[in-house]
Structures are given as structure tokens and as C-alpha cells.
Amino acid sequence: MLETVEELSTRDQWTEAFPLMNQLRTDLTLETYIDLLQEMQKDGYKLCALYVQEKMVSLIGYSWRTNFYNKRHIFVYDLITDTTQRSGGYGEKLLKYIHEYAKENGAEYVALESGLQRKEAHRFYENKFEYDKWCYSFRKTLK
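Overview of the structure. This is a predicted model, so every value here is computed, not measured.

As for the sheet that holds strand S5 (residues 109-112)
Now for step 1: If you trace the five strands from one edge of the open sheet to the other, you get S1-S2-S3-S4-S5, paired in mixed fashion. Unpaired on one side and paired on the other, strand S1 (3-8) and S5 mark the two borders of the sheet. Averaged over all pairs of adjacent strands, the angle between strand axes in this sheet comes to 30°, irrespective of strand direction.

In C-alpha cells:
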């Protein structure tokens, strides 16, 4: 079975990826998604897709970051596999792809955040990849 990972860099590719991204980021419209993606790209965000037999089945969005506690690292913002394709190992393949890319390019860590309600995802990160749950992330809505 032919599997490829491709960085999505054109508006047509982003539009093709929107229905899949929208399974994770349900509050986005296509217009908001494209606007935010263009803005995020200026800050180094990259979006990659895993294709199986030329069908997009999974996405990962990430960027390089540097800070005092994670040093030079990759931060994964988005990881989603199509609901009809789950348990096929596709998310695992994309995360392994990012781990290798990060390691080859001098990262000390791959970091990510996951919503408190996403228990299955937490098991995936902790059990399958031995991610450490080491902090809480906080945010405040500004009105």
C-alpha cells in the first residue's frame, strides 16, 4: 500500500485538508482556517498530510520553538486522523515522522498539548510513545 507524507503549502492543498482538520478543530470555518493558517505560517507553522493510496488520511501541524524549559524543540499543534481511518496506525506514523525529523535537525524534545477531555489521545501519547505528562497549560479568555 502506497503511503506518502507531504507538506501542504498551497491554498488548494489546505482546502483539501480542511474537512479533516475540521474534525479536530470543529469551531473553524474554511475562511477562518485559511486566514489563521496563513498567519501561523509566518511564525513557522507547517502542515503535513499522510496519504494512503493518494487519499489524505491524517494531518500533523507543527513548528520549531525554542524556550528555556524545552530548549530547541518541535511543538505539535494538531494531529488528526480521519474518523473513518482511525486505528490504522496513521497518527502513529505521522508522529514517528516528526520524531525522526526533529531528532535529525537537533531538537531536544517534541512537545504537544492535548485537551483534558481527550483521554484516548492521552493514552496514545503516554503508552505508545512514552510522552511525559509534566505540566498544565492555562489560558484566560480576554473580553
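We are not done yet, so read on.
Quick look at unusual backbone geometry
Now for step 1: With a phi close to 70°, glutamate 54 is a non-glycine residue in the positive phi region.
Now for step 2: Mapped onto the fold, glutamate 54 is located in the loop between strand S2 (46-52) and strand S3 (55-67).
Now for step 3: Judged by relative accessible area, which is 69%, glutamate 54 ranks as exposed.
Now for step 4: Residues other than glycine seldom take positive phi values, yet serine 87 does so here, at roughly 70°.
Now for step 5: For serine 87, the location among the structural elements is in the loop between strand S4 (71-81) and helix H3 (90-104).
Now for step 6: Owing to a relative accessible area of 82%, serine 87 belongs among the exposed residues under this scheme.

Examining the pattern of salt bridges
Now for step 1: Using the criterion set out here, one finds six salt bridges in the structure.
Now for step 2: With its nearest N and O atoms 3.5 Å apart, the salt bridge here joins glutamate 39 to lysine 42. Here glutamate 39 and its partner lysine 42 are both found in helix H2 (residues 30-42), three residues apart, which amounts to about one turn of the helix.
Now for step 3: Note on glutamate 39: relative accessible area 48%, which makes it partly exposed.
Now for step 4: Measuring nitrogen to oxygen at the nearest pair gives 2.7 Å for the salt bridge that ties arginine 65 to aspartate 43. Placement of the pair is arginine 65 in strand S3 and aspartate 43 in the loop between H2 and S2, with a sequence separation of 22 residues.

Reading the values: the criteria
- Residue indices begin from 1 for each chain and proceed along its sequence in written order.
- The predicted nature of this model means local features are confined to residues of pLDDT at least 70 and side-chain atom pairs, given and counted, to a pLDDT of 80 or more, with totals for whole chains, interfaces and linings taken over all residues.
- Note that water and hydrogens are dropped before the side-chain values are worked out from all heavy atoms of the structure.
- If DSSP finds at least two bridges between two strands, the strands pair.
- Helix and strand labels come from DSSP, where a helix needs a run of H or I of at least four residues and a strand needs a run of E of at least two; each type is numbered from the N terminus.
- All axes are obtained by fitting lines to C-alpha atoms, using only the stretch in contact for helices, and the reported angles, taken between N-to-C directions, cover 0 to 180 degrees.
- Exposure categories follow from relative accessible area, calculated using a 1.4 Å probe and restricted to protein chains: below 20% of the type maximum is buried, above 50% is exposed, and the middle band is partly exposed.
- What makes a salt bridge here is a side-chain nitrogen of Lys or Arg within 4 Å of a carboxyl oxygen of Asp or Glu, nothing more.

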